[in-house]
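For reference, the chains in residue letters:
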Amino acid sequence: MAVTNGYCTLVQLKSYIDQGGQVTLGSGDDTELDAAITSASRQIDAHCNRRFYLDGSVSARVFVAEVPSLLKVNDFSTTTGLILKTDTTGNGTFDRTWTTADYQCEPLNGVNEGLEGWPFWRIRAIDDESFPVDPTGRARVQVTAKWGWAAVPDAVFQACLVQSLANFKRKDAPFGVISFDEYGSVRTGPDIEKAAQSLLAPYRRGDIVRAV
């Protein structure tokens, strides 16, 4: 199977495994390695509550504004093609299109908590503008954007290598035991590897985007 929206390639994973000397690869391992990369990439998405690949085109999504001044959305990497609309009456029709002077995309300068290369994931209403907050939880903001990250962060790439190898090795781990050392058995687990978790910590999104 081919890798779908993976955060590393088959060639990169093979090089990583060869350098580590942890697994001897056969000529028929490519299909399982591809599957390991795809599953690792989706585990990373779930762990971080965001995904790091970029859509090929723009699409519209609707969001629930929880406060009038700030809207949290899914990640988008460019303002090209960005359209922001609101439902002013609560009837399900997005009848007002905002101008670029009405809002500000954040984080500014692509910097988030000291790390560069971030996409936008907040939209701030500026001047006298405000997002409609519906007491019933109706989604009254529509955003059209090209969703995702323009480039996979280095830490996500490294985490994908770590997790892909772990996924690949699980096929040889009866009852989760992959090896033994002086302390006993070394086991695989169902969750993402601790080394990968450490790499991904700065990219994990704690808030839940109320998107429909």
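Structural data are supplied above this passage.
From a predicted model like this one, the values you see are computed outputs, not experimental measurements. (Residues numbered from 1 in each chain as written. Predicted model: local features only at pLDDT ≥ 70, side-chain atom pairs only at ≥ 80, totals over all residues. Heavy atoms only, no water.)

Peer 1: For the pattern of salt bridges, give the residues involved together with the corresponding values.
Peer 2: In total, this model carries 11 salt bridges according to the counting rule given. A salt bridge links aspartate 134 to arginine 140, with the nearest nitrogen and oxygen atoms 3.5 Å apart. Each member of the pair, aspartate 134 as well as arginine 140, carries the same accessibility label: buried. A cluster of three or more residues bridged by salt bridges with shared partners is formed by Arg50, Asp75 and Arg205. (Salt bridge = Lys/Arg side-chain N within 4 Å of Asp/Glu carboxyl O. Buried < 20%, exposed > 50% of the residue type's maximum accessible area, 1.4 Å probe, protein only.)

Peer 1: Could you give me a rundown of the sheet that holds strand β4 (residues 96–97), with the residues and numbers involved?
Peer 2: The sheet built from four strands is open, its strands ordered β1-β9-β3-β4 with antiparallel pairing. Both edges of this open sheet fall to β1 (59–63) and β4, since each of them pairs with a single strand only. (Pairing = 2+ DSSP bridges. Helix = DSSP H or I, 4+ residues; strand = E, 2+ residues; numbered from the N terminus.)

Peer 1: Tell me what's going on with the environment of glycine 137, and back it up with residues and numbers.
Peer 2: Here glycine 137 shows up in the loop between β8 (120–125) and β9 (141–145). In this structure glycine 137 comes out as partly exposed when scored by relative accessible area, which is 25%. In this structure, the C-alpha to C-alpha distance between glycine 137 and phenylalanine 63, residues 74 residues apart in sequence, is 9.8 Å.

Peer 1: An account of the nonpolar core is needed here, citing residue identities and associated values.
Peer 2: Counting residues in hydrophobic clusters, the biggest one holds 27 residues, and the most contacted among them are Leu13, Ile44, Phe52, Val156, Cys160, Leu200 and Tyr203. Contributions of two or more residues to this core are made by α1 (10–20), α2 (30–48), α3 (154–169) and α4 (194–200). By residue number, the principal contributor to this core is α3, which donates eight residues. In this structure, leucine 13 is in contact with Cys8, Leu33, Ile37, Leu161, Ser164 and Leu165, ignoring residues within four places of it in sequence. Judged by nonpolar contacts, the second largest core, of 17 residues, contains Phe76, Trp98, Cys105 and Phe131. (Core = buried A, V, L, I, M, F, W, Y, C linked by side-chain atoms within 4.5 Å. Contact = heavy atoms within 4.5 Å.)

Peer 1: I'd like a rundown of the sheet that holds strand β2 (residues 70–76), residues and numbers included.
Peer 2: Spatially, the three strands line up as an open sheet ordered β2-β8-β5, and their pairing is antiparallel. Of all strands in the sheet, those with a lone pairing partner are β2 and β5 (103–106), marking the two edges. Taken over all neighbouring pairs, the strand axes of this sheet differ in orientation by 25° on average, direction set aside. Note that β5 and β8 share four bridges and pair antiparallel. By the bridge assignment, glutamate 106 is partnered in β8 with arginine 122. (Axes fitted to C-alpha atoms, helices over the stretch in contact; angles between N-to-C directions.)

Peer 1: If you had to explain the pairing of β2 to someone new, which residues and values would you point to?
Peer 2: Both faces of the sheet carry side chains from a regular strand, because those side chains alternate between them. Summarising burial for β2: five of the seven residues are buried, a large majority. Taken together, the four bridges between β2 and β8 define a ladder with antiparallel strand orientation. Its bridge partner lying in β8, leucine 71 is registered against isoleucine 123.

Peer 1: Just give me the short version of the packing of α2 against α3, but keep the residues and values in it.
Peer 2: Where α2 meets α3, the axes come as close as 8 Å, and the angle between the chain directions of the two elements is 125°. Taken together, the axes of α2 and α3 are oblique relative to one another. The way α2 lies across α3 gives a crossing that is right-handed. Packed against α2, whose contacting residues are Glu32, Leu33, Ala36, Ile37, Ser39, Ala40, Ser41, Gln43 and Ile44, the element α3 presents Val156, Ala159, Cys160, Gln163, Ser164, Asn167 and Phe168 at the interface. (Parallel < 35°, antiparallel > 145°, perpendicular 65-115°, else oblique. Left-handed = near helix turned anticlockwise from the far one by under 90°.)

Peer 1: Could you give me a rundown of α3, with the residues and numbers involved?
Peer 2: Helix length check: α3 (16 residues) gives 23 Å between terminal C-alpha atoms against 22 Å at 1.5 Å per residue, within 8%. Counting buried positions over the 16 residues of α3 gives 12, a clear majority of the element. For α3, the set of buried residues is Ala155, Val156, Ala159, Cys160, Leu161, Val162, Gln163, Ser164, Leu165, Ala166, Asn167 and Phe168. (Expected span 1.5 Å × (residues − 1).)

Peer 1: I'd like to hear about the environment of tryptophan 149, residue by residue, with values.
Peer 2: Tracing the backbone shows tryptophan 149 in the loop between β9 and α3. Judged by relative accessible area, tryptophan 149 falls into the buried class, the value being 3%. The spacing of tryptophan 149 and tryptophan 118 is 31 residues in sequence and 7.7 Å in space, taken between C-alpha atoms. Not counting residues up to four positions away in its chain, the partners in contact with tryptophan 149 are Arg50, Arg51, Phe52, Tyr53, Leu54, Asp75, Ser77, Gly117, Trp118, Pro119 and Tyr203. A polar contact is formed between the side chain of tryptophan 149 and the side chain of aspartate 75, at a distance of 2.8 Å. (Polar contact = N/O pair within 3.5 Å; in protein donor to acceptor, adjacent residues only side chain to side chain.)

Peer 1: I'd like to hear about α2, residue by residue, with values.
Peer 2: Under the 1.5 Å per step criterion, the end-to-end length of α2 is 27 Å for 19 residues, consistent within 8% with the ideal 27 Å. Phi for asparagine 49, located one or two positions after α2, is positive at around 60°.

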